[in-house]
Amino acid sequence: MHATTSRRWTGRIAVLAGLVALAVGLAAGEGASAQSGDGKTTIADTPTRAQAADGSYISWREHIIDDLAVGGVALAGSDGLAMADLDLDGHPDIVSVHESDTTYDGVPDGHVRIAYGSADPDVWDLYTLAEGEEAGAAEDVAIGDMNGDGYPDVVVACELSHLIYLENPGAAGRAERWKRVIPASTLDRGSYIRVFLADFDDDGRPEVVAANKGGQNPPRGTTEKHPVSWFALPDDPLDGDAWVEHELARVIVPINSQPFDLDGDGDLDVIGGSRMEQRIFWFENVTDGGDIAFREHRIEITPEAVVTGFNMEFVDLSGDGRVDVAIRDERNGLSWLEQPADFADAWRLHVIGGLTPDRLVGFVLTDIDDDGRLDAFSGAYSQAPRDVDATVLSPSHRAGRLSWFEQPEDPAGAWTRHDVSRRVRGMFDKFLVRDMDGDGDVDLIGTRGNSIPYDGVFWLEQVRTTEPVPAFDQAREKESRQLPAPE
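Because the structure is a prediction, the values reported are computed rather than measured. (Residues numbered from 1 in each chain as written. Predicted model: local features only at pLDDT ≥ 70, side-chain atom pairs only at ≥ 80, totals over all residues. Heavy atoms only, no water.)

**Q** Got a minute to help me understand the overall build of the chain in this structure?
**A** Of the regular secondary structure elements, the chain holds 2 helices and 31 strands. A compact globule built from 487 residues would reach a C-alpha radius of gyration of about 23 Å, and the chain, at 22 Å, matches this within 12%. Counting only C-alpha atoms and orienting by the principal axes, one finds that the chain spans roughly 65 × 55 × 45 Å. Out of the 487 residues in the chain, the part that is buried amounts to 58%. Excluding contacts between residues fewer than 6 apart, the proportion of contacts in the chain whose partners are at least 24 apart in sequence is 58%. Summed over all atoms, the accessible surface of the chain reaches about 18900 Å², with 47% contributed by carbon and sulfur. Distance between charge centres in the chain, computed from 42 positive and 89 negative side chains, equals 7 Å. (Helix = DSSP H or I, 4+ residues; strand = E, 2+ residues; numbered from the N terminus. Rg over C-alpha atoms; globule rule 2.2 N^0.38 Å. Buried < 20%, exposed > 50% of the residue type's maximum accessible area, 1.4 Å probe, protein only. Contact = heavy atoms within 4.5 Å. Areas by Shrake-Rupley, 256 points an atom, 1.4 Å probe, with all protein chains shown as cover. Lys, Arg positive; Asp, Glu negative; His and termini not counted. Charge placed at Lys NZ, Arg CZ, Asp CG, Glu CD.)

**Q** Where do I start with the sheet that holds strand β20 (residues 312–315) in this structure?
**A** Hydrogen bonds along the backbone pair up the strands of a sheet, which may run parallel or antiparallel. Ordered by their spatial adjacency, 5 strands build an open sheet running β19-β23-β22-β21-β20, and the pairing between neighbours is mixed. Taken across any chain shown, the strands that pair with only one partner, and hence form the sheet edges, are β19 (301–302) and β20. Note that β20 and strand β21 (residues 324–329) share 4 bridges and pair antiparallel. Looking at the pairing, F314 lines up with V325 of β21. (Pairing = 2+ DSSP bridges.)

**Q** I would appreciate a short explanation of the packing of aromatic side chains in the present structure.
**A** The relation between two aromatic rings is expressed through the spacing of the ring centres and the mutual angle of the planes. Enumeration according to the criterion identifies 13 aromatic pairs in this entry. Taking 4.7 Å as the distance between ring centres and 45 degrees as the angle between the ring planes, the aromatic pair formed by W282 and F343 counts as tilted. Here W282, found in strand β17 (residues 279–285), pairs with F343, found in the loop between β22 (333–338) and β23 (347–353); they are 61 residues apart in sequence, far enough to count as distant. According to the relative accessible area criterion, F343 is partly exposed, its value standing at 26%. (Phe/Tyr/Trp six-rings, centres within 6.5 Å; stacked < 30°, edge-to-face > 60°.)

**Q** Help me out: how do you make sense of a negative patch on the surface in this one?
**A** A surface patch of negative charge is lined by D235, D236, D239 and D241. Its place among the elements puts D236 in the loop between β13 (225–232) and β14 (244–252). On the basis of relative accessible area, D236 is assigned to the partly exposed category, the value being 40%. (Patch = residues over 30% accessible without salt bridge, like charges linked within 9 Å, V, L, I, M, F, W, Y side chains within 5 Å. Salt bridge = Lys/Arg side-chain N within 4 Å of Asp/Glu carboxyl O.)

**Q** Got a minute to help me understand the pairing of strand β29 (residues 443–448) in this structure?
**A** Regular strands place their side chains on alternate faces of the sheet. In terms of burial, β29 is a largely internal element, 6 of the 6 residues being buried. Note that strand β28 (residues 431–434) and β29 share 4 bridges and pair antiparallel. If you follow V433 over to β29, its bridge partner there is L444.

**Q** In this structure, what is going on with the confidence of the model for the chain? I would like to understand it.
**A** Interpretation of the predicted coordinates at a detailed level should be avoided for regions scoring low in pLDDT. For the chain, the average pLDDT comes to 92, and 92% of its residues sit at 70 or higher. The low-confidence segment residues 1–35, where pLDDT is below 50, has 72 contacts with residues more than four positions distant or belonging to other chains. (pLDDT = per-residue confidence, 0-100.)

**Q** Explain the layout of surface pockets to me, please; I cannot follow it from the model alone.
**A** It is the rolling of a water-molecule-sized probe over the atoms that shows where space remains empty. Of the volumes computed, that of the largest pocket is approximately 1000 Å³. Every residue lining the largest pocket is counted, 32 residues in all, and those nearest its centre are Y104, N217, R275, R359 and Y381. (1 Å grid on protein atoms, 1.4 Å probe; cavity = no way out; pocket = protein on both sides within 12 Å on 5 of 7 lines; lining within 4 Å. Points joined across faces, edges and corners; volume = space filled by probe spheres on them.)

**Q** Would you mind going over empty space enclosed by the protein with me for this structure?
**A** If you walk through the whole model with that rule in mind, you get 3 cavities of 30 Å³ or more. Approximately 70 Å³ is the volume found for the largest cavity. D79, G80, E139, D140, I193, R194, F310, N311, D429 and K430 together form the lining of the largest cavity. Secondary-structure elements contributing two or more residues to the lining of the largest cavity are β3 (78–84), β7 (138–144) and β11 (192–198). Residues that form the lining of the largest cavity fall into these classes: 2 nonpolar, 2 polar and 6 charged. (Nonpolar A, V, L, I, M, F, W, Y, C, P; charged D, E, K, R; others polar.)

**Q** Is there a simple way to explain the sheet that holds β17 in this structure?
**A** Spatially, 4 strands are ordered β15-β16-β17-β18 in an open sheet, and the strand pairing comes out antiparallel. Each edge of the open sheet carries a strand with a single partner, namely β15 (254–260) and β18 (294–298). On average, each strand axis in the sheet is inclined to that of its neighbour by 20 degrees, with strand direction left out of account. Where β17 meets β18, 5 bridges bridge the pair, whose relative direction is antiparallel. (Axes fitted to C-alpha atoms, helices over the stretch in contact; angles between N-to-C directions.)

**Q** Please clarify how the environment of I114 should be interpreted in this entry.
**A** Residue placement: I114 occurs in strand β5 (residues 111–116). Taking the relative accessible area as the measure of exposure, I114 reaches 0% and is therefore buried. A sequence separation of 33 residues divides I114 from L81, and the C-alpha atoms of the two residues are 9.6 Å apart. Setting aside anything within four residues of it in sequence, one finds I114 in contact with L86, I94, V95, D125, L126, Y127, L129 and W178.

**Q** Honestly, the pattern of salt bridges in this entry has me stumped. Any pointers?
**A** Think of it this way: side chains of opposite charge can pair up when their charged atoms draw near. For the structure shown, the criterion picks out 32 salt bridges. E461 serves as the salt-bridge partner of R61, at 3.1 Å between the closest nitrogen and oxygen. Here R61 is found in strand β2 (residues 57–66), whereas its partner E461 is found in strand β30 (residues 456–465), with 400 residues between them in sequence. For R61, a relative accessible area of 31% translates into the label partly exposed. Across the salt bridge formed by R328 and E330, the nearest N and O atoms sit 3.1 Å from each other. On the basis of relative accessible area, R328 is assigned to the buried category, the value being 14%. Residues joined in a network through salt bridges with shared partners are E62, D67, R423, R448, R476 and E479.

Structure (structure tokens):
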């Protein structure tokens with residue numbers, strides 16, 4: 001039922017990729033290279049203006065890690081991913097999750113995949129860790145040693161409709177089926193959207209933190225509340241009946257439950273968000289040598305913002321020694337919230353930038369241009385359909401865009417946007433930062449959805465040149481159609 005046969009790829013088997021693409025049928029209007037089809041220069045073909053601190057020009061080259069053509073598995077709706085050295089061979093591996101559908105059809109299906117790394121960032125061993133009903137609409141993943149044997153284990157949040165724990169068998173992980181369990185306290189409980197690991201009591205063993213939004217697609221106007229929770233693990237996490245749930249709060253469509261030491265006191269707090277209430281909040285860890293305990297706090301924002309907290313990054317942008325929060329504001333796009341000296345006061349909103357009409361969702365903060373300041377790399381969600389390029393696009397069409405924002409000397413000032421790529425289809429939930437090719441600059445790993453048959457996992461190589469070159473070098477010859485900048 002669960003594939004255990006790994007598939008090695010070197011990025012050079014173009015014939016296989018072409019045959020698979022023909023088998024699934026390329027969408028009408030999809031063309032080669034970065035041509036937009038209307039004579040206008042695409043964002044991808046536009047010479048880059050972004051420069052590193054040494055004056056060199058920054059562009060990006062796409063590499064495919066896992067998709068239908070490469071792995072032979074019909075991945076779709078690719079969402080979360082995490083990285084760790086699963087087999088302790090010295091090479092980081094990637095665990096990715098894929099909803100495996102094009103609509104919210106209520107049918108539990110999905111894939112959890114491992115890309116085992118090597119010394120070559122274009123050589124991966126691909127393995128299906130879970131699929132079908134047990135991975136129903138897999139949405140998020142966390143990695144950590146949950147049973148204390150020294151090997152990182154995996155826990156996955158499924159929108160239909162549970163958490164699933166997968167135990168790493170160790171050095172034989174590529175050859176053996178991983179043992180697994182769906183904890184009874186999560187089975188048929190709703191829709192788990194995010195999952196994290198955190199050691200709240202500093203005992204050396206992690207707890208599991210998860211937000212349960214109640215249903216895969218809650219109706220607008222719902223007032224039903226669902227929990228943000230943490231789970232205490234038994235000595236043997238495979239004992240699914242022994243996972244104990246502790247509710248932190250119940251809110252309308254909880255969308256996040258991210259552990260971070262927000263108050264700087266040395267222990268992990270939890271920052272959450274409610275999609276329907278359009279607010280974020282945090283739970284202060286007040287554990288003091290006894291049972292794990294939390295105290296809830298509201299987060300007020302000025303000027304008023306519309307936030308859900310689906311993605312958040314925690315960094316000190318203001319330089320005052322307090323952790324700030326990067327977040328998407330529905331009105332202004334990517335923004336950051338400046339932490340006040342007193343948590344009773346409001347957090348001040350500062351705008352980084354937006355991608356209108358495209359809908360920015362995924363982002364990560366990292367120093368892209370080596371100037372000592374954190375920049376923001378971002379990705380946008382395209383609108384339906386997810387399995388074919390629309391042939392006629394309205395000016396308000398939401399496309400799959402990749403861009404990054406360069407931080408100015410004053411982070412409260414205007415950030416400079418550098419567009420990288422804009423396709424008819426694309427959905428970018430999450431990015432990981434890593435120097436994949438060992439050349440000293442920042443590269444990125446991410447997932448892409450809304451783009452059948454191109455959904456999957458990719459990495460972006462940062463390329464530096466002495467003269468401007470096109471902003472983006474896409475990996476596939478046949479692709480979702482590249483677009484110019486919106487007018």
